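Working through the structure, step by step
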Amino acid sequence: MNQLSHDLRREPLRTSGPLLLVPDAVLLPEGPSGGTAVVVADGAFRAVGPAEELERTHPRLDALRLPGHLLMPGFVDAHHHLTQSFGSALAYGEPSEIFRRVWVPLEGALDEESAYTAAKLAALEALRGGFTTVADAGNRTGVDVDVVASAARDAGIRCVLGLVCDDAATREGSVLDEAGGHLARYEGDPLVHASLAVSLPEAATEATLRGTARLAAEAGATVQIHVNEHLAGVERSLVRHGLRPLEHLHRIGALGPQLLAAHATLLTPRELTLLADTGAAVSYNPVASAWKGNAVAPATAMAERGIRFGLGTDGTRGDGFRLADAAEFAQRIAYGLATGDSSCGAGWTWLEHATRGGADAVGLGARTGTVAAGLAADFLLVDVTNPELALSWDLQWELVRRGNRDQITAVFVAGRMRLWRGLPVEWDGPALVRRAAELARAAVEGAPITRVHPTSTAARARDTTR
């Protein structure tokens with residue numbers, strides 16, 4: 001067997017057949033492992049183990065050495081809104097519940113082409129940031145949700161695709177037949193995994209909340225719901241039901257392992273117990289908390305109590321390393337400083353929940369999130385020769401605090417290289433960005449968006465005239 005060395009800085013790998021990859025180290029659940037190799041074939045890891053052993057047991061494969069690189073699981077974005085990418089910057093300086101003033105009007109202004117382009121643009125940003133899986137919490141564009149599925153497939157990213165099942169406002173017929181059809185529609189799809197979604201508990205009838213929970217549980221899927229995110233929403237639930245949103249879901253039988261509760265920033269000790277006891281999962285979205293003025297979800301407490309959770313961007317910025325850093329930093333500011341907790345979960349906690357824990361939270365723990373034989377080959381090749389990572393004493397913590405997307409040389413999803421040095425290898429990324437800029441301008445100008453905070457330029461001009 002030949003020993004080959006591939007310089008990823010010069011050219012991408014050819015991925016037409018089985019690969020035996022030997023990086024400097026592989027990030028396993030127990031930590032970085034030197035002298036470890038992986039065999040990738042048919043979209044999955046076929047073997048993971050000592051390099052010498054895999055070279056001996058796979059004599060027909062040339063061992064391809066990747067000097068200066070760490071092979072690690074791809075990040076999982078546990079909460080995204082792919083069709084909102086045209087307005088990401090509209091969230092700056094805005095108070096809570098901006099979905100009413102920004103996102104619903106913007107999505108309503110999208111046609112099929114602009115919805116597809118917005119979703120593919122978001123997928124490109126996610127891939128550039130090391131995400132190999134995104135959970136899309138549904139959209140209100142009015143176009144067929146398969147438009148978003150097509151965008152994700154064409155971009156080459158794995159997508160947990162939510163279908164919004166809100167019916168409290170209309171109460172016209174049942175949305176459960178449509179929900180069941182959506183869950184069946186993507187059976188066997190290699191990249192798209194169906195999910196159900198409810199915008200808020202108050203947005204669906206109790207029958208629908210129970211029904212979507214039942215359908216998802218039977219299908220092994222998730223129901224994504226924004227839960228306990230804003231104080232206004234908690235107060236509306238208390239007035240209407242005498243219960244907080246999470247408590248209301250529990251009372252009607254909709255709280256269980258199928259639930260993916262987005263944000264969950266405002267949790268009482270009792271609600272933490274409900275999450276732990278029922279096996280429900282949470283998407284901890286620290287950047288969204290900072291950008292929109294939410295509270296910070298008690299993620300270190302969740303980790304201590306064994307509550308399932310992943311990390312989500314909520315469409316803020318698609319950089320997995322910066323998200324993990326924000327996850328630790330937000331816990332330190334919100335909880336650690338007040339208690340003298342100098343660890344705040346340590347680096348491995350946030351990497352764990354950005355990868356394997358996130359995959360479990362979105363319902364794909366048996367498919368992705370870990371470098372292990374039999375799982376999908378969704379992984380990153382990270383350059384560890386740069387000044388930020390070369391002098392490593394605790395690589396997992398350094399990846400959290402000093403990692404960034406510029407250090408990601410290649411992104412693989414289902415065993416295929418999708419991105420090399422920040423650009424797609426199978427389609428024209430810059431052309432997509434140019435088209436998105438054209439469509440976004442028209443969509444934003446045509447949408448009845450209401451912003452509270454002016455742009456930075458307008459604000460400065462106003463301040464100088466006072």
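You'll find the structure just up there.
Everything in this summary refers to the structure shown in the same document.

Parameters at a glance
Residues numbered from 1 in each chain as written. Predicted model: local features only at pLDDT ≥ 70, side-chain atom pairs only at ≥ 80, totals over all residues. Heavy atoms only, no water. Helix = DSSP H or I, 4+ residues; strand = E, 2+ residues; numbered from the N terminus. Contact = heavy atoms within 4.5 Å. Areas by Shrake-Rupley, 256 points an atom, 1.4 Å probe, with all protein chains shown as cover. Lys, Arg positive; Asp, Glu negative; His and termini not counted. Charge placed at Lys NZ, Arg CZ, Asp CG, Glu CD. Buried < 20%, exposed > 50% of the residue type's maximum accessible area, 1.4 Å probe, protein only. Polar contact = N/O pair within 3.5 Å; in protein donor to acceptor, adjacent residues only side chain to side chain. Pairing = 2+ DSSP bridges. Axes fitted to C-alpha atoms, helices over the stretch in contact; angles between N-to-C directions. Core = buried A, V, L, I, M, F, W, Y, C linked by side-chain atoms within 4.5 Å. Patch = residues over 30% accessible without salt bridge, like charges linked within 9 Å, V, L, I, M, F, W, Y side chains within 5 Å. Salt bridge = Lys/Arg side-chain N within 4 Å of Asp/Glu carboxyl O. Phe/Tyr/Trp six-rings, centres within 6.5 Å; stacked < 30°, edge-to-face > 60°. Parallel < 35°, antiparallel > 145°, perpendicular 65-115°, else oblique. Left-handed = near helix turned anticlockwise from the far one by under 90°. Arc of directions from axis to C-beta.

Notes on the overall build of the protein chain
- In terms of helices and strands, the protein chain carries 17 helices and 18 strands.
- With the C-alpha coordinates aligned to their principal axes, the bounding extent of the protein chain is approximately 70 × 50 × 50 Å.
- Here the analysis covers contacts within the protein chain between residues at least 6 apart in sequence; of these, 76% occur between residues at least 24 apart.
- For the protein chain, the accessible area works out to roughly 19000 Å², and carbon and sulfur atoms hold 51% of it.
- Mean positive and mean negative side-chain charge positions of the protein chain (44 and 55 charges, respectively) differ by 3 Å.

A closer look at the side chain of H230
- Here H230 shows up in the loop between β11 (223-227) and α7 (231-241).
- A relative accessible area of 6% means that H230 is categorised as buried.
- A polar contact is formed between the side chain of H230 and the side chain of E229, at a distance of 3.3 Å.
- Sequence-distant contacts of H230, that is, excluding residues within four places in its chain, are made with S96, E97, L266 and N294.

Some details on the sheet that holds strand β8 (residues 131-136)
- Strand order in the open sheet made by the eight strands is β7-β8-β9-β10-β11-β12-β13-β14, with parallel pairing throughout. Sheet topology places β7 (75-80) and β14 (308-311) at the edges, where each strand pairs with a single neighbour. Neighbour to neighbour, the strand axes of the sheet diverge by 25° on average, direction disregarded.
- Across three bridges, the pairing between strand β12 (residues 259-263) and strand β13 (residues 281-284) is parallel. Directly across from A262, in β13, lies its bridge partner S283.

Topic: the side chain of T83
- Assignment of secondary structure puts T83 in the loop between β7 and α2 (99-108).
- For T83, a relative accessible area of 1% gives the class buried.
- With near-sequence residues (within four places) excluded, T83 lies in contact with E107, L110, A115, A118, A119, D136, N139, T141 and V148.

Section: the nonpolar core
- One finds L70, M72, Y284, W350 and L399 to be the most contacted residues of the largest nonpolar core, which totals 107 residues.
- Contact partners of L70, with chain neighbours within four places excluded, come to A25, V26, L27, L380, L381, V382, V384, L395 and L399.
- L64, A410, M417 and W420 belong to the second largest nonpolar core, which has 20 residues in total.

Details of a nonpolar patch on the surface
- Taken together, F329, I333 and L337 make up a surface patch of nonpolar side chains, about 340 Å² in accessible area.
- Turning to its location among the elements, I333 is positioned in helix α12 (residues 320-339).

Digging into the packing of aromatic side chains
- Inspection of every chain in the model, using the stated rule, returns seven aromatic pairs.
- Geometrically, the ring pair formed by F309 and W350 is tilted, given 6.3 Å between the ring centres and 50° between the ring planes. Of this pair, F309 sits in strand β14 while W350 sits in helix α13 (residues 346-354), placing them 41 residues apart in sequence.
- Looking at F309, the relative accessible area reads 1%, which means it is buried.
- Relative to F412, the ring of F379 has its centre 4.3 Å away and its plane inclined at 10°; by these criteria the two rings are stacked. Of this pair, F379 sits in strand β15 (residues 379-383) while F412 sits in strand β16 (residues 408-413); the two residues are 33 residues apart in sequence, bridging distant segments of the chain.
- Assessed through its relative accessible area of 0%, F379 is described here as buried.

Quick word on the pattern of salt bridges
- Scanning all chains against the criterion turns up 22 salt bridges.
- The salt bridge involving E55 is made with R65; its shortest N-O contact spans 3.0 Å. Here E55 is found in helix α1 (residues 51-57), whereas its partner R65 is found in strand β6 (residues 63-73), with ten residues between them in sequence.
- Overall, the relative accessible area of 11% leaves E55 in the buried class.
- Among the ionic pairs, D378 bridges to R158, the shortest N-O distance being 2.8 Å. In this pair, D378 is assigned in the loop between α14 (356-361) and β15 and R158 in strand β9 (residues 158-164), connecting sequence segments 220 residues apart.

Observations concerning the packing of helix α3 (residues 112-128) against helix α16 (residues 429-446)
- Look at α3 against α16: their axes get within 10 Å of each other, and the N-to-C directions meet at 130°. On the basis of their axis angle, the class for α3 and α16 is oblique. Like other packed secondary-structure pairs, α3 and α16 cross with a definite hand, here left-handed. Between α3 and α16, the contacting residues are E113, S114, T117, K120, L121 and L124 on the first element and G429, L432, V433, R435, A436 and L439 on the second.

A short note on the pairing of strand β4 (residues 36-41)
- Burial within β4 is extensive, with six of its six residues counted as buried.
- Residues T36, V38 and V40 of β4 are buried on one face, and the alternating residues A37, V39 and A41, pointing to the opposite face, are buried as well.
- Where strand β2 (residues 19-28) and β4 come together, three bridges link them in antiparallel fashion. Its bridge partner being in β4, L21 is matched across the sheet by V38.
- For β4 and strand β5 (residues 44-50), the ladder comprises six bridges, and the chain directions are antiparallel. Among the inter-strand pairings, V38 is bridged to a residue of β5, identified as V48.
- Between β4 and the antiparallel strand that follows it, β5, lie two residues; D42 among them carries a positive phi value of about 55°.

Some remarks on helix α5 (residues 176-185)
- Every buried residue belonging to α5 is among L176, A179, H182 and L183, and all of these are buried. One side of α5 carries all its buried residues, which in axial view fall inside an arc of 115°. Facing away from the buried side of α5 by over 90 degrees, the exposed positions are D177 and E178.

Things to note about the pairing of strand β17 (residues 416-420)
- Most of β17 is tucked away: four of the five residues are buried.
- A loop of two residues connects β16 with β17, the two strands running antiparallel in sequence, and A414 in this loop sits at a positive phi of about 55°.
- The pairing of β17 with strand β18 (residues 423-424) spans two bridges and is classified as antiparallel. Of the residues in β18, the one forming a bridge with L419 is P424.
- Hairpin connection between β17 and β18: a loop of two residues separates the two successive antiparallel strands, and R421 in this loop has a positive phi of roughly 55°.

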